[in-house]
Structure formats: structure tokens, C-alpha cells
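# Descriptive structure summary
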Amino acid sequence: MALATATPALAETADSERPGDEIIVTASRSGEGIEADQLGASVSVIDSEALERRQTRIISDVLRDVPGVAVTRIGAVGGQTQIRIRGTESNHVLVLIDGIEAADPYQGEYDFGTLIADPAARIEVLRGQQSSLYGSDAIGGVINYITLSGREAPGLSARIEGGSFGTIGGGARAAGATGNFDYAISGSYYGTDGYPTARGGTRDVGSDSIGATAKASWTPSEAFKLTGVLRYSHTNADTNNSEFDPASPLFGTTVDSPGVFFKNEAFFGLLSAQLTVLDGRWVNTLSGRFADTKRKGFSPFGLDYGNKGQRYKGSFTSALSFGTDAVTHRLTGAVDVERENFQTLTPGGFPGEKHANNLGVVGQYELLAGDLSLGASGRYDDNNRFDDATTWRVQGSYRLPTGTRVRAAYGTGVKNPGFFDLYGFVDGTYIGNPDLKPEKSEGWEAGLEQSFGTNDWATIGATWFDSRLKNEIFIDYPPPNFDATPGNRTTDSKQHGIEAFVSARPIPQIRFDLAYTWLKSKENGVAEARRPKHVASLNMTIFSADQRFSGTLTVRYNGRATDQAFTDPSFIPVTVSMKEYVLVNLGADYKISDRFSIYGRVENLLGEDYEEVFSFASPGRAAYGGVRVRF
């Protein structure tokens, strides 16, 4: 497994895939987090310096550098983007934005095509079954996208850039702290005319995306803290449809579709109150969260499809720490109350609003004893639509005096069927199945890491993981009408593989990070779609002696994979092979002064011709440049 964390000594280049003392808040329900090198689970962190140095504008792009992660985007920027962790499905990944569950309640997963980068943010990727902490969805892992507070990143900043495909982007942030109050307001825009996504097509497929966040906290005393978060996102993106004429030789492939586009709009919010007593040893947090999403697709004739959903969640968490400086115990209890509402807006779709209620109870124990750490967690979920579920997890980590760290974890996970699966879409096109069972997973991992030098100037590591999924929900096309209908498989889906990394900064002017994943994910002996067997990345940054200039080379390799193509008029999917590809990006940044910087990058430097999803063409070589200012 690769631990991408930062130590204070390397704060200015903190994209390292290495153990460190950075606090991982996603790994504990206590609210206090745990140091990365004391965690038995696999975790990666990409901090704000790494996002800036790699000139990240689309968050899904930088996730390609995380071990165990596979990314597929349908078409151009703004198109539906799915993240798979360790061979699980995209709806098996729990996505949090500033601690708010962000998945579309109707679709049951989060579309990363709608997430553009904020000026100051960090990403935590926790891999492996985490349902014992978070309930449904966290089978493959958890991705937590966190915007920084006013105390963490104060000041005013702005950037503007332009480049290929008629692209214009920018971002601004105002943040600070005064006395017991801190605030951060940020916004980003990314607009592009796009490029043709149909093979041999001429229609440019473009998009416009906006993201804005307001975060504030008030700490009138050491014992009390009040925090609020509001976030808004909007994406308007062109899309292309498939050819539906069975007589056409292009049947089932992507074709130019003028006037076809979609809009996605989402609001997220959080309000939490934290009370700390017993000299900081007992932390109690009461919080409320909401997510409100709406997605509409349009054709030249008007509304083609649509859906909306809301999620309301209240939580109470209580964490008590006790023991000595040498040995610390922490007990955490949490209660989550959640309600999800779903409704289709598709003309002719099944009418009415549905909802699901869930009560979750969590217990967690953590032991920290020097170089040894142990943890266990369990959760019970009472759902009004499905069988009650109990999930659990155990993990441990130990660092030897030689700089060698060994760790292991075992856990279970659950994923409830979504509205789309239960109630269908349109009669005669997609028939729901109200008798679906939740998907269940169990798996383990074991990792070994070795650090070198007194300052850990280099670290290497590897992890073996093994998981099994039961009751997998799949789409069947039974004769004679071949209407799409979901069902539960009677066989298991199996995933296992290796995650490896090397990270080093041999001298202050050079830093490099390598990540590699080997994955074997099969159902009934057949490789599952959109899961490359091999994925690798290299990020290398060179700094000038005065740190004013930096140049970053990024190389990303995506191995051969399969996909499902609907090129048979029966609409029964056909398995197709997707070729491997290598993407090379090169970026540079120069600080003219302490306040002004200029930067530029070239993406797909070698002009690689590739497809991530069957019959959706990729962009060619592209170049961008911009200016950044800080006060």
C-alpha cells in the first residue's frame, strides 16, 4: 500500500507516498484522527502542495496516482467519471466532501466529473472495507476531499489560465483567522469548448463547471467549537449518444449527437458542535449534514431524462481517551440517523417519490503504544427496506527499530441497492427489482514498508489485498423482450492484487514518487470490465536551489482492460478489449516574486491515441498557461 503523507520537514513537497505523522481524519470516527504511520489500513494523502504542483484542475485526474485506484471518464471533461478501488464497483466507494456524504442518492454513487479542484484542498483515500465506520457504500474504501480552513491556509489568492480546446479556468480564495473565528471562501471555474468524442466525429463536446465552498468555525473557548460548511457545484456538459439504428454499421458506438447535454446541480451542507471536557480527553460532537442533487439530460426535443434526491443525516459521536503517555486507549461510540429521498424526473418514468431510513450504531477501539497500534470497530445498521447488517474490522501496525513497518487489516462491508435498482427507470426499458439483497464483502490485507535514513529520505512498500463480494447486483437481459433487469448473483466476485510504491527525496532539489498496482478481479472466471490488470504512475519534481522554479513530470500507465459494448441489436453486452496507453504530462512553475507566479503545462505530451471507455475518443496533445497571485 502507498501512504501518501507529509511530514513538517517536507511540507513544501508533501505529495509523498510514504509513512508520516500526518493526521488521517477519515480513519477514525472520533474526530481526532490517527497518525498515518500508526494505521493498519492502506491510506494515501495528496495535499494542497501536490495538487498545485501537478496543476490539478480535475480531481479525478490526480486520483490516477493513488495505488489501487482505476479511473474511467465517459467522453470529455465533465463527462461521467467513475472511480474504482481495488477492483470494486464505482458505487462501492464512499465519497465525502468536507465530511459530507456526496453520492447522488438516486444513482447511488458520486460522479467525479462534477468535481473540480479548489485552490487549497487535500484528499485522503482510505482503502479496504470501511463499512464498520461509515455503513453502506464503503466496500472498496473512502475518498474524503477536504478544503482547508482559514487557519490552515490563510490569505488571499487567485489564478487564471487558458489553453487548448478553448479552455478558460480560474479560482479564487479568501481565508483567515482572527481570535476565536476562522473562515475560508473559495470558488473555481473550468470551461472548455472540448473536442470530438466520437470516432471520426466533428462535434466538439465541451463543458462548464463551477464549484464554491464556504467554511467557518467559531471557538469561544477551549471546550467548545462550532463549524459550518456550505458547498455548491454546477456542471453543464455536452454528451454524445450511441447509434441506435440496428441497420447502421455504427450501431452501439458513439456518434455525434448535436443538442444533447446534461446539467448537474448539487448543494451540500454541514453544521457541527463539538464539546471537549476532561482536559481534552473526552470529545463529544453533534452534527447534521444534507445533500441535495439534481441531474437532467436533454436532447434537441427537450428533457430526455432526469432525477433528484436528498440525503439528511444526523450524527452524535463521543470519544474518550485514557491511559498514559506511553499507552493510550481511545473508545468511540457513534449514532447515525439518515433519510434518503429519491424521485425520477424522466418523462414516462415511474412516478412518485421513494425514501429509505437507516439507523447506524458504531463502536470503535484504538490502542496507541509507541510503535504499536491496534484497532477494532463494529457497526450495526437498521434499515427500513433491507435486512439489518452488522459489519466489523480489525487492524494493527508495528514499526521495528530498523525502520521496517508491518501492518495488517481484516474487515467486512455492505452496499444497499439504490433506487435505480429497486424501482427501475422506464417501463419496457429498465425494470426494477424490489427483492434485491444488499451486496456484502469481506477481505484482508497485509503490508510491509521500509524507510531509509534518519529523516526517512526514501521509503518503499508493498501490500497484498484479497476480497470477496457476495450478492453482487448485475444487469440481466432475459428473453423474449431483453428488458434490462437487475438481480443478485449466486456466485462470488473475487479481487486480489498487489499495491507497491517507492518514494524518495535524495537531495532537496529532487523528489520522485512511483506507484504500481497489479489487480486480478474476476466474476465466474471472467475479468470484470474497466479494471486494468496493471496501473502505474511516476511523479518527479525538480526544484531550483532558491525554490523559485519547479518542474514536474507525470507519467501514467493504464494497462489492458475490458469493457462492455452494446453492438448487438439484442442489447446483450459484448465484451471488448481496451488497449493499454501511457499519458505523459509536463508542468513548470516560476515565482516571479513572493506574490506572483507564472505556470504552464502540456498534457498528453506524446499525443497518445486511446480510449478509457469503449468508442469514446480521447483528446490529443494540449497546452495551458496561467498566472497566480497571492496576498
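Here, every reference points to the structure presented above.
Residues numbered from 1 in each chain as written. Predicted model: local features only at pLDDT ≥ 70, side-chain atom pairs only at ≥ 80, totals over all residues. Heavy atoms only, no water.

## Quick notes on the overall build of the protein
For the record, the criterion: Labels follow the DSSP assignment, with helices taken as runs of H or I lasting at least four residues and strands as runs of E lasting at least two, numbered in each case from the N terminus. For each residue, the accessible area found with a 1.4 Å probe, counting protein chains only, is set against the maximum for its type, and the residue is called buried under 20%, exposed over 50%, and partly exposed in between. We call two residues in contact when some of their heavy atoms are within 4.5 Å. Only the protein chains shown count as cover for residues, and all accessible areas are computed by the Shrake-Rupley method using a 1.4 Å probe. Note that His is not counted, nor are the chain ends; the positive residues are Lys and Arg, and the negative ones are Asp and Glu. Charge positions are represented by NZ for Lys, CZ for Arg, CG for Asp and CD for Glu.
Along the backbone of the protein there are 4 helices and 38 strands. Counting only residues that meet the buried cut, the protein has 55% of its 631 residues in that class. Contacts in the protein between residues far apart in sequence, at least 24 positions, make up 62% of those at least 6 positions apart. In the form shown here, the protein has an accessible surface area of approximately 25,200 Å², with 60% of it arising from carbon and sulfur atoms. The averaged location of the 76 negative side-chain charges in the protein is 2 Å from the averaged location of its 61 positive side-chain charges.

## Focus on unusual backbone geometry
Phi is positive for Q55, close to 50°, though the residue is something other than glycine. Relative to the helices and strands, Q55 is located in the loop between α1 (48–53) and α2 (59–62). Phi at R86 is positive, roughly 55°, even though this residue is not glycine. Position of R86 among the secondary structure elements: in the loop between β7 (81–85) and β8 (93–97). Assessed through its relative accessible area of 7%, R86 is described here as buried.

## Some thoughts on the nonpolar core
As a reminder of what qualifies: For our purposes a nonpolar core is just a set of buried Ala, Val, Leu, Ile, Met, Phe, Trp, Tyr and Cys residues, chained together by side-chain atoms within 4.5 Å.
Core analysis: the largest hydrophobic core is formed by 30 residues, its most contacted members being L63, V69, I83, F112, I123, V125 and I143. Elements with a minimum of two residues in this core: α1, α2, β6 (69–73), β7, β8, β10 (121–127), β11 (141–147) and β17 (261–277). The contact partners of I143, leaving out residues within four places of it in the chain, are L63, I83, I85, V93, L94, V95, L96, F112, I123, E124 and V125. Among the nonpolar cores identified, the runner-up in size contains 15 residues, and I34, A36, L133 and Y134 belong to it.

Note that all results are geometric; they support no functional claim without further evidence.
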